[in-house]
Amino acid sequence: MMVAALYVERDGAYWNMPDVDAWDEQRDARLYNGPYPVVAHPPCQRWGKLWAGQPLWIKRTGERKIKGDDGGCFAAALAVVRQFGGVIEHPEQSHAWEHFGLRKPPRHGGWVAADYLGGGRFGWTCCVEQGRYGHHARKPTWLYAVDTARPELRWGKSEMRLDPEIVARIGIDRAKRRGEVAAKGGGVDSTPRIHTPAPFRDLLLALARTAQPFAAPGEHGRADPLSSAPVTFDDRVSHDGGISK
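Residues numbered from 1 in each chain as written. Predicted model: local features only at pLDDT ≥ 70, side-chain atom pairs only at ≥ 80, totals over all residues. Heavy atoms only, no water.

### Notes on the sheet that holds strand β6 (residues 121–129)
The pairing of strands in a sheet comes from backbone hydrogen bonds and takes either a parallel or an antiparallel form.
Link 1 in the chain: With respect to topology, seven strands assemble into an open sheet ordered β2-β1-β3-β4-β7-β6-β5, the strand pairing being mixed. Sheet topology places β2 (20–23) and β5 (112–118) at the edges, where each strand pairs with a single neighbour. Recorded for the sheet is a direction-independent mean angle of 20° between the axes of neighbouring strands.
Link 2 in the chain: In this structure, β5 lies alongside β6, joined through five bridges in antiparallel fashion. Residue Val112 lies in a different strand from β6, and its bridge partner there is Thr125.
Link 3 in the chain: Sheet strands in contact with helix α2 (residues 73–84) are β1 (3–6), β3 (38–40), β4 (86–91), β5, β6 and β7 (140–146), and its direction is about 150° off that of β4. (Pairing = 2+ DSSP bridges. Helix = DSSP H or I, 4+ residues; strand = E, 2+ residues; numbered from the N terminus. Axes fitted to C-alpha atoms, helices over the stretch in contact; angles between N-to-C directions. Contact = heavy atoms within 4.5 Å.)

Right, dumping it as structure tokens:
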């Protein structure tokens with residue numbers, strides 16, 4: 001089944017994959033209008049913990065960004081995932097959840113209803129660590145899915161992963177303050193921080209491919225495509241821990 005990958009990088013994890021319609025910045029994923037289910041990675045900079053900008057930059061310039069000022073990307077992603085099915089990926093504690101009235105998922109994992117879409121349909125959300133699927137850091141991530149299966153993932157909160165070289169150079173306390181994600185990349189190279197590991201990409205694509213058109217009870221199709229027994233994707237995604245760039 002073809003899947004549309006929205007807000008992805010040219011030559012990145014989703015580029016030139018079979019049965020994937022990749023939309024980068026040049027194509028402008030806000031214009032996507034179907035017909036395939038989607039995996040959406042809308043920009044998170046204005047929704048995250050540092051939505052106002054880097055503290056040092058704010059201190060120097062007095063300039064603060066506007067929370068949620070992403071050019072309508074998240075709103076567009078939300079609209080198409082509700083229309084065509086699929087999944088949105090965003091960092092844990094994304095302010096987009098509160099802004100769009102979505103219930104926040106528990107940190108320890110598990111799917112919970114995020115919102116009611118009417119006619120018996122729900123959006124569902126969960127928290128899962130990309131570190132369990134190949135990322136160098138834990139990188140807890142929130143998912144929002146509509147009309148898909150509701151699989152059992154590798155739930156749980158794991159221990160902090162600190163680079164031994166970083167710890168040896170600056171000490172354990174400073175390393176903890178900097179955090180796991182900051183250990184790689186930086187400056188103009190944010191790729192190691194924001195890239196999607198191949199196993200996690202494959203998980204999201206597999207999830208989107210379970211999307212089925214909604215049907216009322218008694219009609220052809222499933223009234224609740226998420227009501228079936230839990231699905232385990234561990235045999236359907238790659239386990240090489242490889243990193244896609």
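On we go from here.
### Focus: the environment of Leu207
Link 1 in the chain: With respect to the helices and strands, the residue Leu207 is situated in helix α7 (residues 198–208).
Link 2 in the chain: Along the primary structure Leu207 and Thr148 are separated by 59 residues, whereas in three dimensions their C-alpha atoms are 6.4 Å apart.

### Topic: the confidence of the model for the chain
Link 1 in the chain: Of the residues in the chain, 73% reach a pLDDT of 70 or more, and the chain-wide mean stands at 82.
Link 2 in the chain: Between residues 185–190, whose pLDDT stays under 50, and residues either more than four places distant or in other chains, the model counts three contacts.
Link 3 in the chain: Confidence drops under pLDDT 50 across residues 216–245; counting only partners more than four residues distant or on other chains, this segment forms 66 contacts. (pLDDT = per-residue confidence, 0-100.)

### Let's talk about the packing of aromatic side chains
Link 1 in the chain: Per the stated rule, a full pass over the model turns up eleven aromatic pairs.
Link 2 in the chain: Geometry around Trp23 places Arg27 over its ring, the cationic atom sitting 3.9 Å from the centre.
Link 3 in the chain: In this structure, Arg150 is placed above the aromatic ring of Trp124, and the distance from its NZ or CZ to the ring centre is 4.1 Å. (Phe/Tyr/Trp six-rings, centres within 6.5 Å; stacked < 30°, edge-to-face > 60°. Lys NZ or Arg CZ within 6 Å of the ring centre and 35° of its normal.)

### A few points about the environment of Gln93
Link 1 in the chain: In this structure, Gln93 sits in the loop between β4 and α3 (95–99).
Link 2 in the chain: When its relative accessible area of 37% is taken as the criterion, Gln93 is described as partly exposed.
Link 3 in the chain: Remark: the alpha-carbon pair of Gln93 and Gly48, spanning 45 residues in sequence, is separated by 7.0 Å.
Link 4 in the chain: Not counting residues up to four positions away in its chain, the partners in contact with Gln93 are Trp47, Lys104 and Trp142. (Buried < 20%, exposed > 50% of the residue type's maximum accessible area, 1.4 Å probe, protein only.)

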